[in-house]
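Each chain, letter by letter, is given below.
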Amino acid sequence: MAILFKNIKELIQVRKEPIAFVAGSDMKELPTIKNAYLVVENGKIADYGYMADCPTTPVKETIDASEKMILPTWCDSHTHIVYAGNREGEFVDRIHGLSYEEIANKGGGILNSARTLQKTSEESLYEQSKVRLEEIMQLGTGAVEIKSGYGLTVDSELKMLRIIKRLKDTYDLPIKASFLGAHALPSEYKGNPSAYLDLIVGEMLPKIAEAQLAEYIDIFCETGYFSVADTEVILEAGKRYGLIPKIHVNQFTAIGGVQAGVKHHALSVDHLEVMREEDIEALKNTNTMPVALPSCSYFLSIPYTPARKMIDAGLPLALASDYNPGSTPSGNMNFVVSTACIKMKMTPEEAINAATINGAYAMGLAQKVGSITVGKQANLILTKSVNSIGFIPYAFGSNHIESVYIKGKAVKQA
Ligand SMILES: N=CN[C@@H](CCC(=O)O)C(=O)O
Ligand SMILES: [Zn+2]
């Protein structure tokens, strides 16, 4: 039996026909219906429209949404929520003046998280990760991509990906897995990166593909991590096993990673804090979604992705959290949307498009989530009483969410 939401002050991100993503000036358009109803049946959006046309057929439950808005849940296309322990010690080191790079050069950073994860049992890692997944669901995330990349050995990378699989099998929200074996060079391979690339290509990838543990292949293409040539090797290898590229590029330096991503038909290129004209040019008229991670810029005090320049050049943009223990210990997409407006000068409409339909596209889920469209999964945010759409990112410190629904079922609040 159906659930009826009635008297919805504004139903946000209504798309009658499914769309893949929005780009350029279209990102300013966020279609809505004021004074609306919405019907959910069998976990899917079954019907919606103006209250004047609200159906009178009996339903299992009616929810009065007077003064409240409904929008699709956030689509977080870039996270690292499977990790062990935390890195608050490095946070304090940075307060005392060390840079992210200096900490990494001392064996901290990603290698620090890898050492902890390698020592952590699969059960404990699952328990730690599921807490973060449940936390982000309560914060309104209804679809998420999760990366490996804190294992950096065959066994530990597989351990991470098995946990992502277990989360997929346990929870109702869509989850996508990316294999990020090339996240950092393990210290035992120092001076011999090609031996580590051989391990990824020769041992990790075949095992991951055989067990069907990942949809995407990722790499940290960055000065001091992996080169553009390494990136091409890894993306080629991943593609041989059917994995689609989704890569980390241009976080600290621009070295041609965007072009490599486009050349290999990456579904997304993520970070993009440092963008040259030629990087923006390279993304035009492609199917590659640029993804900005403003919480990372905030936490590390590094530049924000030049969203205005990119959108004004006609590009699409997605927003994601980058939830991880080092550069972004937060998976709060509400903060991401607010920060995109406050620091990147995106309008509320652009930011909501970027965090819903464009995020869904960046993880291959645009047909399933990211808009209010009949037949899509009923993953919904019911707000508290709010004045307007703009009020949501404007009042950035407040919790505007009354309830989150995944496949039409309310997510238990902590
Ligand atoms: N930049 C690369 N990877 C992560 C951070 C990893 C870490 O510091 O643990 C990111 O996307 O920000
Ligand atoms: Zn990342």
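Let me begin by describing the structure that accompanies this report. Just so you know, these numbers come straight off a predicted model, no measurement behind them.

With that settled, consider the coordination of the zinc ion (ligand 2). Here the zinc ion (ligand 2) is held by the protein donor atoms His78 (NE2), His80 (NE2), His248 (NE2) and Asp322 (OD), which lie 2.0 to 2.4 Å from it. A residue is classified by how much of its surface remains accessible, and Asp322, at 1% relative accessible area, is buried.

Further remarks concern a nonpolar patch on the surface. Residues Phe91, Val92 and Ile95 make up a contiguous nonpolar surface patch of about 270 Å² in total accessible area. In this structure, Val92 sits in helix α1 (residues 88–95).

Further remarks concern helix α5 (residues 154–170). Relative to the 24 Å expected for 17 residues at 1.5 Å per residue, α5 spans 24 Å between its end C-alpha atoms, a close match to the ideal helical length. Along α5, the residues that are buried comprise Val154, Ser156, Glu157, Leu158, Lys159, Met160, Leu161, Ile163, Ile164 and Leu167. Contacts made by the buried residues of α5 are with α3 (110–119), α4 (122–138), β7 (141–147), β8 (175–182) and α6 (193–210).

Applying the stated criterion across every chain, the model contains three cavities of 30 Å³ or more. By volume, the largest cavity amounts to about 100 Å³. Lining of the largest cavity is provided by 13 residues; of these, Tyr100, His183, Gln251, Asn324 and Ser327 occupy positions nearest its centre. For the lining of the largest cavity, the per-class residue count stands at four nonpolar, seven polar and two charged.

Looking now at the site of ligand 1. Around ligand 1 lies a shell of 15 residues, among which Tyr100, Tyr150, Gln251, Asp322 and Ser327 are the nearest. Contact distances for ligand 1 include 2.4 Å between an oxygen atom and a side-chain N or O atom of Tyr100. Between ligand 1 and the protein, one listed contact pairs an oxygen atom with a side-chain N or O atom of Ser327 at 2.6 Å. A total of 330 Å² of accessible area belongs to ligand 1 in isolation, and the protein chains cover 100% of it. The cavity that encloses ligand 1 is the largest cavity. When the residues that make up the shell around ligand 1 are grouped by side-chain class, the tally is four nonpolar, nine polar and two charged.

Let us now look at the pairing of strand β10 (residues 244–249). Where burial is concerned, most of β10 is hidden: five out of the six residues are buried. Summarising the sheet, strand β9 (residues 216–221) and β10 pair through four bridges and their orientation is parallel. In the sheet register, Cys221 faces β10, and the bridge partner there is Val249. Handedness of the crossover is the feature at issue here: the chain leaves β9, passes through helix α7 (residues 228–240), returns alongside β10, and the resulting connection is right-handed. Bridge count for β10 against strand β11 (residues 268–271) is four bridges, and the pairing is parallel. Note that in β11 the partner of Val249 across the bridge is His271.

Quick look at the packing of aromatic side chains now. All chains considered together, the criterion is met by nine aromatic pairs. With a centroid separation of 5.4 Å and 15 degrees between ring planes, the pair formed by Phe91 and Phe299 is classed as stacked. A residue pair is termed long-range when its members are at least 10 positions apart, and Phe91 in helix α1 and Phe299 in helix α10 (residues 294–300) qualify at 208 residues. Centroid distance Tyr189 to Tyr196: 5.2 Å. Interplanar angle 50 degrees. Geometry classified as tilted. Given the relative accessible area of 0%, Tyr196 is considered buried. Here the basic side chain of Lys246 rests over the ring of Tyr216, its NZ or CZ set 6.0 Å away from the ring centre.

The strands that make up a sheet are held in pairs by hydrogen bonds between backbone atoms, and each pair lies either parallel or antiparallel. Pairing within the open sheet is parallel, and its eight strands lie in the order β6-β7-β8-β9-β10-β11-β12-β13. Where the open sheet ends on each side, the last strands, each with one partner, are β6 (74–76) and β13 (318–319). Along the sheet, helix α12 (residues 333–344) contacts β6, β7, β12 (289–292) and β13; its crossing angle with β6, the most-contacted strand, is approximately 90 degrees.

Rules used throughout
Residues numbered from 1 in each chain as written. Chains lettered and ligands numbered in written order. Predicted model: local features only at pLDDT ≥ 70, side-chain atom pairs only at ≥ 80, totals over all residues. Heavy atoms only, no water. Donors = N, O, S within 2.8 Å, 3.2 Å for Na, K, Ca; no water. Buried < 20%, exposed > 50% of the residue type's maximum accessible area, 1.4 Å probe, protein only. Patch = residues over 30% accessible without salt bridge, like charges linked within 9 Å, V, L, I, M, F, W, Y side chains within 5 Å. Areas by Shrake-Rupley, 256 points an atom, 1.4 Å probe, with all protein chains shown as cover. Salt bridge = Lys/Arg side-chain N within 4 Å of Asp/Glu carboxyl O. Helix = DSSP H or I, 4+ residues; strand = E, 2+ residues; numbered from the N terminus. Expected span 1.5 Å × (residues − 1). Contact = heavy atoms within 4.5 Å. 1 Å grid on protein atoms, 1.4 Å probe; cavity = no way out; pocket = protein on both sides within 12 Å on 5 of 7 lines; lining within 4 Å. Points joined across faces, edges and corners; volume = space filled by probe spheres on them. Nonpolar A, V, L, I, M, F, W, Y, C, P; charged D, E, K, R; others polar. Near = heavy atom within 4 Å. Polar contact = N/O pair within 3.5 Å; in protein donor to acceptor, adjacent residues only side chain to side chain. Sits in = over half its atoms within 2 Å of the grid points. Pairing = 2+ DSSP bridges. Right-handed = clockwise from strand over helix to strand, strands pointing away. Phe/Tyr/Trp six-rings, centres within 6.5 Å; stacked < 30°, edge-to-face > 60°. Lys NZ or Arg CZ within 6 Å of the ring centre and 35° of its normal. Axes fitted to C-alpha atoms, helices over the stretch in contact; angles between N-to-C directions.

All we've got here are geometric facts, nothing functional implied.
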